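Below, each chain spelled out in residue letters.
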Amino acid sequence: MKNKNILSSIALALCLLAVSACGIYSFSGTSIQPDVKTITIGYFEYKALTVNPSLSQQMTEAMKDKFRKMTRLEQVEEEGDMEIEGSITGYSISAQAVTADEVAAQNRLTVTVNISFTNRKYPDDDFEKSFSAYADYDSTNSLDAVEGQLCQEIIDKLCEDIFNATVANW
(Lines give C-alpha, C1' and ligand atoms only; values in the text may rest on other atoms or scores of the structure.)
Protein backbone atom coordinates (compact mmCIF):
# COMPACT_ATOMS: atom_id res chain seq x y z
CA MET A 1 0.00 0.00 0.00
CA LYS A 2 2.84 2.37 0.91
CA ASN A 3 4.66 1.61 -2.36
CA LYS A 4 1.49 2.33 -4.34
CA ASN A 5 1.15 5.77 -2.70
CA ILE A 6 4.80 6.55 -3.33
CA LEU A 7 4.53 5.48 -6.98
CA SER A 8 1.37 7.56 -7.40
CA SER A 9 3.10 10.60 -5.89
CA ILE A 10 6.12 10.17 -8.16
CA ALA A 11 3.91 9.78 -11.23
CA LEU A 12 1.96 12.93 -10.32
CA ALA A 13 5.18 14.88 -9.77
CA LEU A 14 6.54 13.77 -13.14
CA CYS A 15 3.33 14.78 -14.90
CA LEU A 16 3.41 18.22 -13.27
CA LEU A 17 7.06 18.62 -14.20
CA ALA A 18 6.36 17.62 -17.81
CA VAL A 19 3.47 20.06 -18.14
CA SER A 20 5.38 22.97 -16.62
CA ALA A 21 8.58 22.18 -18.53
CA CYS A 22 6.97 22.76 -21.91
CA GLY A 23 6.78 26.47 -21.01
CA ILE A 24 3.59 27.15 -22.93
CA TYR A 25 0.93 26.15 -20.40
CA SER A 26 0.65 27.60 -16.93
CA PHE A 27 -1.74 26.96 -14.10
CA SER A 28 -3.20 30.45 -14.52
CA GLY A 29 -4.66 29.33 -17.85
CA THR A 30 -2.30 31.27 -20.08
CA SER A 31 -0.62 29.91 -23.16
CA ILE A 32 2.28 32.30 -23.64
CA GLN A 33 5.20 31.11 -25.74
CA PRO A 34 8.46 30.87 -23.73
CA ASP A 35 10.25 33.44 -25.90
CA VAL A 36 7.60 36.11 -25.19
CA LYS A 37 8.95 38.03 -22.21
CA THR A 38 7.44 41.54 -22.19
CA ILE A 39 4.12 43.31 -22.64
CA THR A 40 3.16 46.93 -23.21
CA ILE A 41 -0.29 48.00 -22.05
CA GLY A 42 -1.18 51.43 -23.35
CA TYR A 43 -3.48 53.99 -21.75
CA PHE A 44 -7.13 53.37 -22.63
CA GLU A 45 -8.25 56.56 -24.34
CA TYR A 46 -11.82 57.68 -23.60
CA LYS A 47 -13.86 58.22 -26.78
CA ALA A 48 -17.43 57.58 -25.57
CA LEU A 49 -19.99 60.36 -25.85
CA THR A 50 -21.12 60.12 -22.22
CA VAL A 51 -18.31 61.22 -19.94
CA ASN A 52 -16.90 59.23 -17.05
CA PRO A 53 -13.62 60.99 -16.20
CA SER A 54 -12.02 58.19 -14.16
CA LEU A 55 -12.90 55.17 -16.33
CA SER A 56 -9.83 55.38 -18.61
CA GLN A 57 -7.41 55.33 -15.69
CA GLN A 58 -9.34 52.57 -13.89
CA MET A 59 -9.44 50.39 -17.00
CA THR A 60 -5.75 50.89 -17.76
CA GLU A 61 -4.66 50.06 -14.20
CA ALA A 62 -6.98 47.04 -13.99
CA MET A 63 -5.48 45.59 -17.19
CA LYS A 64 -1.95 46.12 -15.91
CA ASP A 65 -2.85 44.49 -12.59
CA LYS A 66 -4.44 41.50 -14.35
CA PHE A 67 -1.32 40.82 -16.40
CA ARG A 68 0.98 41.45 -13.44
CA LYS A 69 -0.89 38.93 -11.28
CA MET A 70 -1.66 36.29 -13.90
CA THR A 71 1.46 36.17 -16.11
CA ARG A 72 5.23 36.15 -15.90
CA LEU A 73 5.47 38.96 -18.47
CA GLU A 74 7.49 42.03 -17.62
CA GLN A 75 5.55 45.23 -18.30
CA VAL A 76 7.48 47.77 -20.37
CA GLU A 77 6.53 51.28 -21.51
CA GLU A 78 6.95 50.59 -25.25
CA GLU A 79 7.90 47.93 -27.80
CA GLY A 80 6.90 44.92 -25.69
CA ASP A 81 6.78 41.48 -27.30
CA MET A 82 3.01 41.81 -26.86
CA GLU A 83 1.13 45.09 -26.94
CA ILE A 84 -2.42 45.97 -25.95
CA GLU A 85 -3.88 49.32 -26.95
CA GLY A 86 -7.47 50.25 -26.35
CA SER A 87 -10.09 52.91 -26.25
CA ILE A 88 -13.39 53.16 -24.45
CA THR A 89 -15.87 53.71 -27.26
CA GLY A 90 -19.20 53.24 -25.51
CA TYR A 91 -20.73 54.16 -22.16
CA SER A 92 -24.51 53.92 -22.15
CA ILE A 93 -27.52 53.41 -19.92
CA SER A 94 -30.64 51.63 -21.10
CA ALA A 95 -33.91 50.50 -19.51
CA GLN A 96 -34.17 46.73 -19.04
CA ALA A 97 -37.18 45.61 -17.05
CA VAL A 98 -40.22 47.77 -17.81
CA THR A 99 -43.21 47.63 -15.44
CA ALA A 100 -46.89 47.69 -16.41
CA ASP A 101 -46.82 51.46 -15.86
CA GLU A 102 -44.14 51.70 -18.57
CA VAL A 103 -41.51 52.65 -16.01
CA ALA A 104 -38.11 51.02 -15.96
CA ALA A 105 -37.65 48.73 -12.96
CA GLN A 106 -34.04 48.05 -13.88
CA ASN A 107 -31.44 49.91 -15.87
CA ARG A 108 -28.29 48.59 -17.54
CA LEU A 109 -24.94 50.33 -17.75
CA THR A 110 -22.91 49.06 -20.72
CA VAL A 111 -19.28 49.83 -21.48
CA THR A 112 -17.67 49.01 -24.83
CA VAL A 113 -13.91 48.88 -25.38
CA ASN A 114 -12.08 48.55 -28.69
CA ILE A 115 -8.81 46.60 -28.36
CA SER A 116 -5.84 46.28 -30.67
CA PHE A 117 -3.59 43.35 -29.75
CA THR A 118 -0.16 42.93 -31.30
CA ASN A 119 2.15 39.96 -30.77
CA ARG A 120 5.49 40.93 -32.28
CA LYS A 121 6.88 37.39 -32.00
CA TYR A 122 3.75 35.66 -33.37
CA PRO A 123 1.91 38.09 -35.70
CA ASP A 124 -0.75 35.51 -36.55
CA ASP A 125 -2.17 36.18 -33.05
CA ASP A 126 -2.76 39.90 -33.77
CA PHE A 127 -6.34 41.17 -33.71
CA GLU A 128 -8.55 44.20 -33.34
CA LYS A 129 -11.80 43.52 -31.56
CA SER A 130 -14.58 45.18 -29.61
CA PHE A 131 -15.52 43.96 -26.12
CA SER A 132 -18.64 44.92 -24.16
CA ALA A 133 -19.76 44.25 -20.62
CA TYR A 134 -22.70 45.45 -18.58
CA ALA A 135 -24.16 45.55 -15.09
CA ASP A 136 -27.79 46.03 -14.13
CA TYR A 137 -29.07 48.18 -11.29
CA ASP A 138 -32.43 48.93 -9.72
CA SER A 139 -34.01 52.06 -11.17
CA THR A 140 -34.83 53.33 -7.67
CA ASN A 141 -31.10 54.05 -7.36
CA SER A 142 -29.54 56.97 -9.16
CA LEU A 143 -26.63 56.19 -11.45
CA ASP A 144 -24.43 58.46 -9.30
CA ALA A 145 -25.15 56.27 -6.27
CA VAL A 146 -24.14 52.97 -7.93
CA GLU A 147 -21.81 54.03 -10.75
CA GLY A 148 -18.56 53.27 -8.92
CA GLN A 149 -19.57 49.71 -8.03
CA LEU A 150 -21.06 49.03 -11.47
CA CYS A 151 -17.95 50.31 -13.25
CA GLN A 152 -15.74 48.06 -11.14
CA GLU A 153 -17.88 45.01 -12.01
CA ILE A 154 -17.81 45.92 -15.70
CA ILE A 155 -14.05 46.56 -15.70
CA ASP A 156 -13.47 43.16 -14.06
CA LYS A 157 -15.54 41.45 -16.77
CA LEU A 158 -13.82 43.35 -19.58
CA CYS A 159 -10.34 42.60 -18.22
CA GLU A 160 -11.17 38.90 -17.96
CA ASP A 161 -12.50 38.79 -21.53
CA ILE A 162 -9.53 40.72 -22.93
CA PHE A 163 -7.06 38.60 -20.96
CA ASN A 164 -8.65 35.39 -22.27
CA ALA A 165 -8.63 36.67 -25.85
CA THR A 166 -4.98 37.75 -25.74
CA VAL A 167 -3.06 35.16 -23.74
CA ALA A 168 -5.46 32.33 -22.95
CA ASN A 169 -6.45 31.76 -26.60
CA TRP A 170 -10.15 31.40 -25.76
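What comes next concerns the included structure. Small disclaimer: the values here were computed from a predicted structure and weren't measured.

1. Let's talk about the overall build of the chain
And step 1. Across its full length, the chain holds three helices and six strands.
And step 2. Sequence-ordered secondary structure for the chain, helices as α and strands as β, is α-β-β-α-β-β-β-β-α.
And step 3. Within the span of the chain, comprising 170 residues, buried residues form 36% of the whole.
And step 4. Restricting to contacts in the chain with at least 6 residues of sequence separation, those with at least 24 account for 65%.
And step 5. For the chain, the accessible area works out to roughly 10100 Å², and carbon and sulfur atoms hold 53% of it.

2. Considerations on the packing of aromatic side chains
And step 1. Inspection of every chain in the model, using the stated rule, returns two aromatic pairs.
And step 2. When the ring of Phe 117 is compared with that of Phe 127, the centres are 5.4 Å apart and the planes differ by 35°; the resulting orientation is tilted. Placement of Phe 117 in strand β5 (residues 104-119) and of Phe 127 in strand β6 (residues 127-138) is noted, with a sequence separation of ten residues between them.
And step 3. Just above the ring of Tyr 134 sits the side chain of Arg 108; from NZ or CZ to the centre is 3.7 Å.
And step 4. When the ring centre of Tyr 134 is taken as reference, the NZ or CZ atom of Lys 157 above it lies at 5.4 Å.

3. Things to note about the nonpolar core
And step 1. One finds Met 59, Met 63 and Phe 67 to be the most contacted residues of the largest nonpolar core, which totals 37 residues.
And step 2. For this core, the elements supplying multiple residues, two or more each, are β1 (38-41), α2 (55-70), β4 (82-98), β5, β6 and α3 (143-167).
And step 3. Here the element with the most residues in this core is α3; it accounts for twelve residues.
And step 4. In this structure, Met 59 is in contact with Phe 44, Ile 88, Val 113, Ile 155, Leu 158, Cys 159 and Ile 162, ignoring residues within four places of it in sequence.

4. Observations regarding unusual backbone geometry
And step 1. Not every positive phi belongs to a glycine, and Glu 79 is a case in point at roughly 60°.
And step 2. In this fold, Glu 79 is placed in the loop between β3 (74-75) and β4.
And step 3. On the basis of relative accessibility, which here comes to 57%, the residue Glu 79 falls in the exposed class.

5. A word on the pairing of β1
And step 1. In β1, alternate side chains face the same way, and those of Thr 38 and Thr 40 on one face and Ile 39 and Ile 41 on the other are all buried.
And step 2. Note: β1 against β3, two bridges, orientation parallel. From the neighbouring strand, Ile 39 faces β3, where its bridge partner is Gln 75.
And step 3. Looking at chain direction, β1 and β4 are connected through three bridges and run parallel. In the sheet register, Ile 39 faces β4, and the bridge partner there is Met 82.

6. Things to note about the pattern of salt bridges
And step 1. All chains considered together, the criterion is met by five salt bridges.
And step 2. Between Lys 66 and Glu 160 there is a salt bridge; the shortest N-O distance is 2.4 Å. One end of the pair, Lys 66, is in helix α2; the other, Glu 160, is in helix α3, and 94 residues separate them in sequence.
And step 3. A relative accessible area of 18% means that Lys 66 is categorised as buried.
And step 4. Residues Arg 120 and Glu 83 are paired through a salt bridge, measuring 2.6 Å at the closest nitrogen-oxygen approach. Of the two residues, Arg 120 sits in the loop between β5 and β6 while Glu 83 sits in strand β4, which places them 37 residues apart along the sequence.
And step 5. Bridged by salt links that share partners, the residues Glu 79, Glu 83 and Arg 120 form one connected network.

Rules behind the numbers
- Along each chain, residue indices are assigned from 1 in the same order as the chain's sequence is written.
- Where local features are concerned, this predicted model is filtered to residues with pLDDT of at least 70; where side-chain atom pairs are given and counted, the filter is 80 or more; whole-chain, interface and lining totals use all residues.
- Note that water and hydrogens are dropped before the side-chain values are worked out from all heavy atoms of the structure.
- Under the scheme used here, helices are H or I runs from DSSP no shorter than 4 residues and strands are E runs no shorter than 2 residues, and both carry numbers assigned from the N terminus.
- Think of it in three bands: residues with accessible area under 20% of the maximum for their type are buried, residues over 50% are exposed, and the middle band is partly exposed, with areas taken using a 1.4 Å probe on protein chains only.
- We call two residues contacting when some pair of their heavy atoms lies within 4.5 Å.
- Calculation of accessible area relied on Shrake-Rupley with a 1.4 Å probe; when residues are assessed, cover is drawn exclusively from the protein chains displayed.
- The pairing test for Phe, Tyr and Trp rings, Trp by its six-membered ring, is centres within 6.5 Å, and the orientation test on the planes gives stacked under 30 degrees, edge-to-face over 60, and tilted for anything in between.
- Any Lys NZ or Arg CZ that is within 6 Å of a ring centre and within 35 degrees of that ring's normal is treated as a charge sitting over the ring.
- What is meant by a nonpolar core is a set of buried Ala, Val, Leu, Ile, Met, Phe, Trp, Tyr and Cys residues, joined one to another through side-chain atoms within 4.5 Å.
- Pairing between two strands requires that DSSP report at least two bridges joining them.
- By convention in these notes, a salt bridge is any Lys or Arg side-chain nitrogen within 4 Å of a carboxyl oxygen on Asp or Glu.

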